[in-house]
Amino acid sequence: MTRSGADPRIELDRAPLPDPAEIRWLRRSLCDWYHAFKRDLPWRRRSDAFAIWISESMLQQTRVETVIPYFERFMARFKDLAALAEGEEEEVLALWSGLGYYRRARALHAAAREIMEFHGGVFPHERSALLGLPGVGPYTAGAVLSMAFGASEALVDGNVARVFARVFALEAPLRSPALEQALWRFAEALVPADAGESADAQKGVDPGSWNQAVMELGATLCTPKGPRCQLCPLQERCEARARGRAEELPIPAPRRPLVAVELEMLLARTGERTLLTRRPPGGRMAGMWELPTREIPNARGETHLWEADFSTFALAGGCIPIGEELSTLRHAITHHRITVSLRRATFDPSGAQVRAQNESTWRLAADDDLASLALTGLTKKALRAVSGPAL
DNA sequence: AAATCGGGGAT
DNA sequence: ATCCCAGATTT
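Residues numbered from 1 in each chain as written. Chains lettered and ligands numbered in written order. Predicted model: local features only at pLDDT ≥ 70, side-chain atom pairs only at ≥ 80, totals over all residues. Heavy atoms only, no water.

Caption draft 1: A look at the protein's contact with DNA strand B. Taken together, 23 residues lie around DNA strand B, and Thr62, Tyr101, Tyr102, Arg256 and Gly377 are the ones closest in. Sugar and phosphate atoms constitute 54% of the interface atoms of DNA strand B, taking the interface as everything within 4 Å of the protein. Met285 places a main-chain nitrogen or oxygen 3.1 Å from a phosphate oxygen of DNA strand B. In the environment of DNA strand B, a phosphate oxygen lies 2.4 Å from a nitrogen or oxygen atom belonging to the backbone of Gly377. Secondary-structure elements contributing two or more residues to the surface near DNA strand B are strand 5 (319-333) and helix 16 (377-386). In terms of residue count, helix 16 provides more of the surface near DNA strand B than any other element does, four residues in total. For the surface near DNA strand B, a count of residues per class yields eight nonpolar, nine polar and six charged. (Near = heavy atom within 4 Å. Polar contact = N/O pair within 3.5 Å; in protein donor to acceptor, adjacent residues only side chain to side chain. Helix = DSSP H or I, 4+ residues; strand = E, 2+ residues; numbered from the N terminus. Nonpolar A, V, L, I, M, F, W, Y, C, P; charged D, E, K, R; others polar.)

Caption draft 2: Quick peek at the packing of aromatic side chains. By the definition in use, this model includes nine aromatic pairs. Here the aromatic rings of Trp33 and Phe37 are separated by 6.4 Å at their centres, their planes lie at 40°, and the arrangement is tilted. With a gap of four residues between them, Trp33 and Phe37 both fall in helix 2 (residues 20-37), about one helical turn apart. The interplanar angle of 65° and the centroid separation of 6.1 Å between the aromatic rings of Phe347 and Trp362 together place this pair among those described as edge-to-face. Taken together, the residues span a long stretch of sequence, with Phe347 in strand 6 (residues 336-347) and Trp362 in strand 7 (residues 362-366) at a distance of 15 residues. Here Phe347 falls in the buried class, since its relative accessible area comes to 9%. Accessibility expressed as a relative area gives 10% for Trp362, which makes it buried. Here the aromatic cluster, defined as three or more aromatic residues joined through ring pairs, consists of Phe50, Trp53 and Phe123. (Phe/Tyr/Trp six-rings, centres within 6.5 Å; stacked < 30°, edge-to-face > 60°. Buried < 20%, exposed > 50% of the residue type's maximum accessible area, 1.4 Å probe, protein only.)

Caption draft 3: Representation of the pattern of salt bridges. By the definition in use, this model includes 19 salt bridges. One salt bridge in this structure joins Glu216 and Arg44, with 2.8 Å as the shortest N-O distance. Of this pair, Glu216 sits in helix 12 (residues 207-220) while Arg44 sits in the loop between helix 2 and helix 3 (49-59), and the two are 172 residues apart along the sequence. On the basis of relative accessible area, Glu216 is assigned to the buried category, the value being 2%. Note that Glu153 is salt-bridged to Arg127, the shortest N-O span being 2.9 Å. You can see Glu153 sitting in the loop between helix 9 (138-149) and helix 10 (158-167) and its partner Arg127 sitting in helix 8 (residues 127-131), a full 26 residues away along the chain. For Glu153, a relative accessible area of 22% corresponds to the partly exposed category. (Salt bridge = Lys/Arg side-chain N within 4 Å of Asp/Glu carboxyl O.)

Caption draft 4: Main features of the nonpolar core. Trp53, Ile54, Phe74, Leu84 and Phe164 are the most contacted members of the largest nonpolar core, which has 112 residues in total. Counting contributing residues per domain, this core is built from domain 1 (8-242) and domain 2 (259-386), each supplying no fewer than three. In contact with Leu84, other than residues within four places in its own chain, are Phe50, Trp53, Ile54, Phe74, Phe78, Val92, Leu108, His109 and Ala112. Grouped together as the second largest cluster of nonpolar side chains are 11 residues, Leu266, Phe310, Cys319 and Phe347 included. (Core = buried A, V, L, I, M, F, W, Y, C linked by side-chain atoms within 4.5 Å. Domains from an automatic or database assignment. Contact = heavy atoms within 4.5 Å.)

Caption draft 5: Inspection of the protein's contact with DNA strand C at higher detail. Around DNA strand C, 29 residues are found, and the nearest of them are Gln61, Gly135, Thr140, Asp157 and Arg162. At 3.1 Å, a side-chain N or O of Arg103 approaches a sugar or linking oxygen of DNA strand C. Backbone polar atom of Gly158 to a phosphate oxygen of DNA strand C: 3.2 Å apart, as the coordinates give it. Residue assignment for the surface near DNA strand C shows that the elements contributing at least two residues are helix 3, helix 9, helix 10 and helix 12. Residues belonging to the surface near DNA strand C are distributed by class as follows: 12 nonpolar, seven polar and 10 charged.

Caption draft 6: Spotlight on the pairing of strand 6. Summarising the sheet, strand 1 (residues 259-270) and strand 6 pair through 10 bridges and their orientation is parallel. Across the sheet, the residue bridging to Val261 is Ile338, located in strand 6. As defined by bridge partners, strand 5 adjoins strand 6 across 11 bridges and the pair is classed as antiparallel. Looking across to strand 6, one finds that Ile333 is bridged to His336. The antiparallel pairing of strand 5 with strand 6 creates a hairpin that spans two residues between the two strands, and Thr334 there sits at a positive phi of about 45°. (Pairing = 2+ DSSP bridges.)

Caption draft 7: Layout of the environment of Leu258. Tracing the sequence through the fold places Leu258 in the loop between helix 13 (239-242) and strand 1. Those residues in contact with Leu258, other than ones at most four positions away along the chain, are His335 and Arg337.

Caption draft 8: Highlighting the environment of Glu324. One can find Glu324 in strand 5. Under the relative-accessibility criterion, Glu324 is labelled partly exposed at 41%.

Caption draft 9: How the structure looks around the domain arrangement of chain A. Domain annotation for chain A reports domain 1 (8-242) and domain 2 (259-386). Here domain 1 and domain 2 have C-alpha centroids that lie 37 Å from each other. With seven residues of domain 1 in contact, the opposing surface of domain 2 contributes 12 residues. For the pair domain 1 and domain 2, the summed buried area comes to about 720 Å², and 50% of that belongs to carbon and sulfur atoms. The largest share of the area that domain 1 buries against domain 2 comes from Glu90, Ser97 and Tyr102, three residues that together contribute 58% of it. Our count for the domain 1 to domain 2 interface comes out at one salt bridge. The residue Glu90 makes a salt bridge to Arg278 at a minimum N-O spacing of 3.3 Å. In this structure, the connection of domain 1 to domain 2 is made through five residue pairs in polar contact (both at pLDDT 80 or more). Per element, the largest residue contribution to the side of domain 1 that touches domain 2 is three residues, and it comes from helix 6 (residues 89-96). Taken together, the residues of the side of domain 1 that touches domain 2 break down into three nonpolar, two polar and two charged. (Buried area = accessible area lost by both parts, 1.4 Å probe.)

Quick look at the structure:
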């Protein structure tokens with residue numbers, strides 16, 4: 001129990017874990033609720049590590065509703081680990097197009113190849129081996145181990161953080177080291193034993209169900225705003241609710257100030273094809289295709305996300321803005337608020353400057369091919385905005 | 001410890 | 001308009 005006025009960091013270090021009877025009650029109550037009310041999600045219809053791993057990678061910082069169609073398309077194309085390892089990164093990126101955090105897609109593909117080469121094509125069952133795979137951190141390792149293998153492994157995500165911060169009244173800012181440490185301590189204490197090891201196994205109470213139950217509660221009832229405490233199976237044991245602080249917890253993390261960004265994008269069409277340029281390797285959205293884009297420097301001459309000029313190709317290669325504004329778009333990338341002016345441009349592919357360009361940095365994409373390319377989300381949005389009359 | 005990396009859906 | 005999402009990696 002915390003005392004007002006004390007250092008919350010020290011308090012969290014010593015915050016007492018629930019006693020064994022309370023732990024049994026928490027597991028029983030939440031797992032019963034989960035099995036009664038859980039959503040029917042595509043990855044819950046299968047239990048193989050490959051499907052769990054793909055879904056958890058897609059779900060990193062991404063909502064369930066957003067992921068579902070991406071997951072279905074991905075699994076239809078890559079049915080197992082071997083298929084993914086044999087696929088090309090470009091195609092993986094294309095399937096990821098619009099989902100964001102493209103590093104995840106690259107890591108997924110690289111990890112599949114590592115498993116085929118170094119683990120005999122068998123998904124590792126050990127936490128240390130999982131953590132050695134690109135794109136697999138503490139959360140994803142815990143998710144795969146508990147959900148696919150039934151191992152007694154904890155996990156902490158945004159939902160777990162919110163639920164535990166409320167149920168146990170953990171008074172420290174989100175993402176602070178003090179809270180992170182406390183959350184993992186509670187998560188490890190609460191996750192049920194492996195079915196094979198548990199002396200007093202409870203029906204329906206297993207590591208995978210428990211971990212998903214906590215997240216399901218956070219996603220459906222114990223929401224950031226307007227938690228529906230009257231429906232919560234843990235309401236009688238929730239310390240934040242007892243204190244009337246359910247909506248005040250968890251304490252939000254400090255926010256970064258928003259930065260305004262202005263972009264100009266060009267729609268250059270020849271025949272039934274659209275000019276695209278390829279983003280350089282290594283940076284943001286590396287290797288993804290986009291409409292020629294430049295950032296308009298702010299009053300201090302600064303740019304934040306793009307270069308001040310169009311690519312050398314777009315400038316010198318005969319792609320010339322002709323002033324007609326087709327659309328104004330709004331977009332958001334992390335803490336950047338982006339306003340885009342989409343303009344018509346002319347393009348002459350026959351010029352010497354164009355021929356001198358490396359063709360891996362630009363292409364004229366046929367309309368029918370756009371859906372299968374690794375486009376950035378913003379370019380997808382721009383093409384959607386002008387599809388129809390403008391195309 | 002802090003910054004970076006996408007995009008969108010809910011409020 | 002704001003928040004934050006089934007996080008991982010780099011600096």
